[in-house]
Amino acid sequence: MPGVLTTVAAVILFYIGFVNSRGFEGAAYGILAFFLMIFAIASFVMAKARK
């Protein structure tokens, strides 16, 4: 569940950064979305390893 929610949040933040606010602020949203996506992938991997 945390991985899915984090993925959704990362996609929304990337969209906001790319479409609505360009420039340095958009880049900050993109970097945040990138690290959130890494966290989501790590969460999926840890959940699969437990099963």
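You'll find the structure just up there.
These notes cover the structure that comes with them. (Residues numbered from 1 in each chain as written. Predicted model: local features only at pLDDT ≥ 70, side-chain atom pairs only at ≥ 80, totals over all residues. Heavy atoms only, no water.)

Looking now at the overall build of the protein chain. On a plain count of helices and strands, the protein chain comes out with two helices and zero strands. Projected onto its principal axes, the C-alpha coordinates of the protein chain cover approximately 40 × 15 × 10 Å. (Helix = DSSP H or I, 4+ residues; strand = E, 2+ residues; numbered from the N terminus.)

Moving on, we come to the side chain of Ser43. By the secondary structure assignment, Ser43 is in helix 2 (residues 24-50). Not counting residues up to four positions away in its chain, the partners in contact with Ser43 are Pro2 and Gly3. (Contact = heavy atoms within 4.5 Å.)

On to the packing of aromatic side chains, then. Taken as a whole, this structure holds one aromatic pair when the rule is applied. Seen in terms of ring centroids, Phe34 and Phe35 are 5.4 Å apart; in terms of plane orientation they differ by 70°. Their pairing is edge-to-face. (Phe/Tyr/Trp six-rings, centres within 6.5 Å; stacked < 30°, edge-to-face > 60°.)

Our focus in this paragraph is helix 1 (residues 2-20). The end-to-end C-alpha distance of helix 1 is 26 Å, a good match for the 27 Å that 19 residues give at a rise of 1.5 Å each. For helix 1, the elements touching its buried residues are helix 2. (Expected span 1.5 Å × (residues − 1).)

Of note, Thr6 is situated in helix 1. We classify Thr6 as buried; its relative accessible area is 11%. When near neighbours in sequence (up to four residues on either side) are disregarded, Thr6 contacts Leu36, Phe39 and Ala40. (Buried < 20%, exposed > 50% of the residue type's maximum accessible area, 1.4 Å probe, protein only.)

Moving on: the environment of Gly3. Turning to its location among the elements, Gly3 is positioned in helix 1. Residues Gly3 and Leu36, 33 residues apart in the sequence, show an inter-C-alpha distance of 9.3 Å. Excluding residues that lie within four positions of it along the chain, Gly3 makes contacts with Ala40, Ser43 and Phe44.

With that out of the way, let us pick up the environment of Ala28. Structurally, the position occupied by Ala28 is in helix 2. Since its relative accessible area comes to 45%, Ala28 is described here as partly exposed. Sequence-wise, Ala28 and Ala47 are 19 residues apart; in three dimensions their C-alpha atoms are separated by 29 Å.

By themselves, these are just geometric observations and shouldn't be taken as functional.
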